[in-house]
Amino acid sequence: MIDRRGFIASGSILALVSGEAAAAPAADAPPKGSPLAASDATAEPLYALTPNEAEFLTAIVDAFIPADDLSPSGSECGVVTFIDRQLAGAYGAGARLYQDGPFQPSNERPQFGSQSPLAPLAFIRLGIAELDTWATAQRGARVSQLSKPELEALLRDIEAGKVALPRIDARAFFAALLQLSMEGFFSDPIYGGNRGKASWRMIGYPGLPATYAKAIKDHRGRRYEAEPRSIADFL
Amino acid sequence: MAKVLKATDAVIVGLGWTGAIMARELSRAGLDVVALERGPDRDPAADFALPAIRDELRFSVRQELMQDPKMETVTLRHRLDDEARPVRRFGSFLPGDGVGGMGTHWNGNTFRFLPSDHNLRTHLTERYGRARIPEDMTIQDWDVSYDELEPHYARFEALCGVSGKAGNIGGRIQAGGNPFEGPRSGEYPNAPLVSSHANELFRRAATELGLHPFPAPASNSSAPYRNPEGAQLGACQYCGHCDRFGCEANAKATPLSTLVPALSKAPGFRKVTNAYATRVLYDAKSRRATGVRYIDLRSGETYDQPAEIVILSAWVFGNTRLMLLSGIGQPYDPRAGTGVVGKNYCYQIQPTVQLFFKDEELNPFMGAGGLGMVVDDFNGDNFDHANLGFLGGGYISLNSTNGRPISFRPTPPGTPAWGAAWKRETAKWYRKTAMVLCEGMNYASRTNSMDLDPTYRDMFGQPLLRMTFNFTQNDRAMADHLLGKAAEIGRAMNATIVAPQPRKGDFNVVSYQSSHNTGGTIMGRTPADSVVNRYLQSWDAHNLFVLGSSVFPQNAGYNPTAAAAATAYWCADALVKTYLKSPSPMVQL
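Residues numbered from 1 in each chain as written. Chains lettered and ligands numbered in written order. Predicted model: local features only at pLDDT ≥ 70, side-chain atom pairs only at ≥ 80, totals over all residues. Heavy atoms only, no water.

Participant: I'm lost on the overall build of chain B in this one. Help?
Facilitator: From N to C terminus, chain B includes 14 helices and 24 strands. Here the C-alpha atoms of chain B give a radius of gyration of 23 Å, agreeing with the 25 Å that 2.2 N^0.38 yields for 589 residues. If one aligns the C-alpha atoms of chain B with their principal axes, the spans along those axes are about 70 × 55 × 50 Å. Counting the 589 residues in chain B, one finds 66% classified as buried. Looking at chain B alone, contacts between residues at least 24 apart form 75% of all its contacts between residues at least 6 apart. As displayed, chain B has an accessible area near 19000 Å², and 50% of this comes from carbon and sulfur atoms. Charge separation in chain B, taken as the distance between the mean sites of 61 positive and 58 negative side-chain charges, equals 3 Å. (Helix = DSSP H or I, 4+ residues; strand = E, 2+ residues; numbered from the N terminus. Rg over C-alpha atoms; globule rule 2.2 N^0.38 Å. Buried < 20%, exposed > 50% of the residue type's maximum accessible area, 1.4 Å probe, protein only. Contact = heavy atoms within 4.5 Å. Areas by Shrake-Rupley, 256 points an atom, 1.4 Å probe, with all protein chains shown as cover. Lys, Arg positive; Asp, Glu negative; His and termini not counted. Charge placed at Lys NZ, Arg CZ, Asp CG, Glu CD.)

Participant: Explain the overall build of chain A to me, please; I cannot follow it from the model alone.
Facilitator: When helices and strands are tallied, chain A shows eight helices and zero strands. Listing the helices and strands of chain A from first to last along the sequence gives α-α-α-α-α-α-α-α. Expressed as a percentage of contacts within chain A between residues at least 6 apart in sequence, the contacts between residues at least 24 apart total 68%. A total of about 9700 Å² of accessible surface is found on chain A, and carbon and sulfur atoms cover 56% of it.

Participant: Is there a simple way to think about helix 4 (residues 120-139) of chain A in this case?
Facilitator: An α-helix turns once per 3.6 residues; consequently, residues spaced three or four apart project the same way. Residues and elements named next belong to chain A. When the terminal C-alpha atoms of helix 4 are compared, their 26 Å separation across 20 residues agrees well with the 28 Å that a helix rising 1.5 Å per residue should span. Regarding helix 4, the residues found buried are Pro120, Phe123, Ile124, Leu126, Gly127, Ile128, Glu130, Leu131, Asp132, Trp134 and Ala135. Of the surrounding secondary structure, the elements contacted by the buried residues of helix 4 are helix 2 (51-64), helix 3 (79-88), helix 5 (148-159) and helix 6 (170-186). Following helix 4 by one or two positions, Gly140 has its phi on the positive side, about 85 degrees. (Expected span 1.5 Å × (residues − 1).)

Participant: Sorry if this is basic, but what is going on with the sheet that holds strand 4 (residues 74-77) of chain B here?
Facilitator: All names here are of chain B. If you trace the four strands from one edge of the open sheet to the other, you get 5-4-21-20, paired in mixed fashion. One side of each edge strand has no neighbouring strand; the edge strands of this open sheet are strand 5 (85-86) and strand 20 (449-457). The pairing of strand 4 with strand 21 (residues 463-468) spans four bridges and is parallel. Among the inter-strand pairings, Arg77 is bridged to a residue of strand 21, identified as Thr468. (Pairing = 2+ DSSP bridges.)

Participant: Explain the pairing of strand 3 (residues 33-36) of chain B here, please?
Facilitator: Residues in a regular strand point their side chains to alternate faces of the sheet. Residue and element names in this part refer to chain B. Burial along strand 3 is two-sided: the face carrying Val33 and Ala35 and the face carrying Val34 and Leu36 are both buried. Where strand 2 (residues 8-13) lies against strand 3, four bridges are found, and the strand directions are parallel. Its bridge partner lying in strand 3, Val13 is registered against Leu36. Bridge analysis of strand 3 against strand 11 (residues 269-272) gives four bridges, and the strand direction is parallel. From the neighbouring strand, Val34 faces strand 11, where its bridge partner is Arg270.

Participant: Hey, could you run me through the pattern of salt bridges in this one?
Facilitator: Close approach of charged atoms lets side chains of opposite charge pair. All names here are of chain A. Scanning the model with the defined rule gives 50 salt bridges over all chains in all. We note a salt bridge from Arg195 to Glu44, for which the minimum N-O separation is 3.3 Å. Residue Arg195 is found in the loop between helix 6 and helix 7 (198-203), and its partner Glu44 is found in the loop between helix 1 (19-22) and helix 2; the two are separated by 151 residues along the sequence. The same class applies to Arg195 as to Glu44, namely buried. (Salt bridge = Lys/Arg side-chain N within 4 Å of Asp/Glu carboxyl O.)

Participant: Hey, could you run me through unusual backbone geometry in this one?
Facilitator: Negative phi is the rule for most residues except glycine; trans is the rule for most peptide bonds. Put simply, A:Gly101 and A:Pro102 share a cis peptide bond, and its omega is 0 degrees. Structurally, A:Pro102 can be placed in the loop between helix 3 and helix 4. Going from B:Leu50 to B:Pro51, the amide bond is cis rather than trans, its omega being 0 degrees. Here the phi dihedral of B:Arg287 falls at roughly 50 degrees; this positive angle occurs in a residue that is not glycine. On the secondary structure map, B:Arg287 appears in the loop between strand 12 (275-283) and strand 13 (288-296). Phi is positive for B:Leu536, which is not a glycine, with a value near 65 degrees. On the basis of relative accessible area, B:Leu536 is assigned to the buried category, the value being 0%.

Participant: I keep staring at the confidence of the model for chain B and nothing clicks. Help me out?
Facilitator: Low-pLDDT portions of the prediction should not be read for the details of their coordinates. All names here are of chain B. Overall, the prediction assigns chain B a mean pLDDT of 97, with 100% of residues at 70 or greater. Averaged over each element, pLDDT in chain B is lowest for helix 2 (residues 44-47) (95) and highest for strand 24 (residues 544-546) (99). Model confidence for the complex is summarised by a pTM of 0.94, with the ipTM given as 0.96. (pLDDT = per-residue confidence, 0-100.)

Printed below as a string of structure tokens:
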């Protein structure tokens, strides 16, 4: 599950400021990062998703997280891989989710969160199927076949509550996709997303070991810069 | 059939802060104590070690240390005539699980309540007249004064090695502390934490506005500290992984770091983990609790643990639900206003102001759970309410707790939630944003309460607890007032963008707000208005004691842990010094 590969996001490799980071336990080695073509990053096995579902999610996460000079795209950063692995595991099977009935519709009372009877894997799977059917009927193509502007318009419509799907609350589906995408982009790379710590570089989050007893004083009002490090860099 | 175990002197349900405090005091007094804990045991050295503990997805987002809603959750309705729905995932509040309870994953904010929070109805009546308290605002006095609790607050602060600056020692106001606080017997055990840059911007602005900023009292040790139980705490590393996580530096005071080492050596103390209490065994005829029934979650077997004394310390939901499931005390009926169990459920209302500074570097990932700068000028009754349309208030603070990026990535108002513009704004502001928080109180109302849900069940088929809750008109007016003051501070900090975020609409269970839930087994002067007396002793069984914030008659504008712990020490003191000599009701009617 641990992906140590990384790529160099253009111009975003920061100088390593050793300081306290270097004094952290069992963490002397700097992270190993080898330049890698972005296209290679998608070559990962799928554990739960079908190729069609992965294609759907690739289109979505790349609309959420488009490639630009700040980072590669969501899928290039491993976000689809992350979602696949999350859905294949305990989370996807409904861990820590109360699934007893009766079930009431989610859409008119968003204060309660999703009330769907489905665990995340089945929920996402149904959402993909229903939205693809809807998009084919209403917009003339499956989600992954829409042009970029068409897909963005569709996502804005779902977000605004303008899309109704037969058995699933479209807004709850959208919220779940966005949440999973952000988890995949910003979590520790050990889960398959955030390849090369692209999001951490983008925002300037140093990751581990996060021991700042000295730096909080030394860097008051001054940017703290460090080569971001993952849990995997400490093994 | 339940297997009946060998009787013990005392059985405790829930081994969080208040259960651990009581276990320590009773075993110190020579009693045999069995503590039942629903969750697993925890070994900080193994469970909270680097690097695995710095995993935002696992601990913060997937909530590894929290109660599992699949086993037991709560349901919510906003109004009495609504149908309740289950909270399918915890969001707005995060109940704990395992040895240490919520004390494992808390932030460490360790505030004392104001003296007037402890005798609220009397105080407000004396200052504003009886007519000023709305008819459906069911607030009441604690029946334990601040002065009575002071030594117990101090004892908890010593246990935790709280880092802070006193503002009032024996009636003498101290520069740099909170001038509004009740008189303290002494200084905090540790100096304040090192403030962040954002804390300092807040302090400067608040001072300019004529307010009285002070460092938040924190159970994050600013220096190595040995507590009176002989437990050694480390120094805080400002790692930004405090709330929702365990502490690898042992700098956060928790039941595990402060009490469990001594408890594990105490003869006569035994903890039983994965033990899910389902009933207090209650003999209605003799009005005595005779023990606790529980299910061993590993074997599925049911046991009865007989005991001379029963302690409930299972937090707000657990305490209230066990009283209701066990048929002890009259359930509260919000329509008639009769009964007591489940009454006065309270929460908090916490509007915020997000600030963005184009020219500041704030390093948000450096922080500590209790690292904050606070003003108390608008808390409780610290300001005149004579011409205001509400009662109560809350502290206003700037907390530097964390910059964990899955959840912390504020963008200015109007920014889309995804796409190129979202990315640009996220990258631009991540290191340059901070939030001013209003810790607004929530005063009791007739409707806000808890009972057993008629429909939804836990994993063993027992009714879930049902909350009936929404914010009141008083809450919303108070929150708007606080938000205005917080925005004023934000502007005085010269923020580039000041974005107030009011709490609108019905209470929602999705986004995190506060785990400062209170009430349900409240204390008071008579059985007609309370579940327990001033010693937290049940009116319906003199050998049953209830601990934690479930005994607060209403909430205050502070984090409630210190008040819950102080009342636990207060109860333990009465139990050991008075009750054990002559087991009987300690308040005669």
